Amino acid sequence: MPKVPDGYVRVRSHLRRKPSPKSAKGLSVWAVAGLCAVVWLWGQVFGFGDGAAGQQPVPTPAVSAPTGGR
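Definitions and cut-offs
Residues numbered from 1 in each chain as written. Predicted model: local features only at pLDDT ≥ 70, side-chain atom pairs only at ≥ 80, totals over all residues. Heavy atoms only, no water. Helix = DSSP H or I, 4+ residues; strand = E, 2+ residues; numbered from the N terminus. Expected span 1.5 Å × (residues − 1). Pairing = 2+ DSSP bridges. Patch = residues over 30% accessible without salt bridge, like charges linked within 9 Å, V, L, I, M, F, W, Y side chains within 5 Å. Areas by Shrake-Rupley, 256 points an atom, 1.4 Å probe, with all protein chains shown as cover. Salt bridge = Lys/Arg side-chain N within 4 Å of Asp/Glu carboxyl O. Buried < 20%, exposed > 50% of the residue type's maximum accessible area, 1.4 Å probe, protein only.

Q: Could you give me a rundown of helix α1 (residues 29-45), with the residues and numbers involved?
A: Residues spaced three or four apart along an α-helix face the same direction, because each turn holds 3.6 residues. The end-to-end C-alpha distance of α1, which contains 17 residues, comes to 24 Å, matching closely the 24 Å that a straight helix rising 1.5 Å per residue would cover. Directly beyond the C-terminal end of α1, a positive phi value near 80 degrees is found at G47.

Q: Before we move on, can you summarise the pairing of strand β1 (residues 8-11) with the specific residues and values?
A: Where β1 meets strand β2 (residues 14-17), four bridges bridge the pair, whose relative direction is antiparallel. Considered in β2, the bridge of Y8 is made with R17.

Q: Residues and numbers for a nonpolar patch on the surface, please.
A: Taken together, the side chains of L27, V32, L35 and V39 present a nonpolar region at the surface, about 380 Å² in accessible area. Relative to the helices and strands, V32 is located in helix α1. Owing to a relative accessible area of 39%, V32 belongs among the partly exposed residues under this scheme.

Shown next, in the form of structure tokens:
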């Protein structure tokens, strides 16, 4: 039988690549897109701590508006 190359194992009648330790794999594109969507939705629903900026001031009547009920 021929010699098995490094990094491979003979399994029955064929060669199989040896499992290697998993390296730290980065986030996939879909995971990054999902994370961005969650952050965007969080900002839409709860805001990002803009407590004073979120409240609208009470409108005051214009000078030309009648005040005496006439």
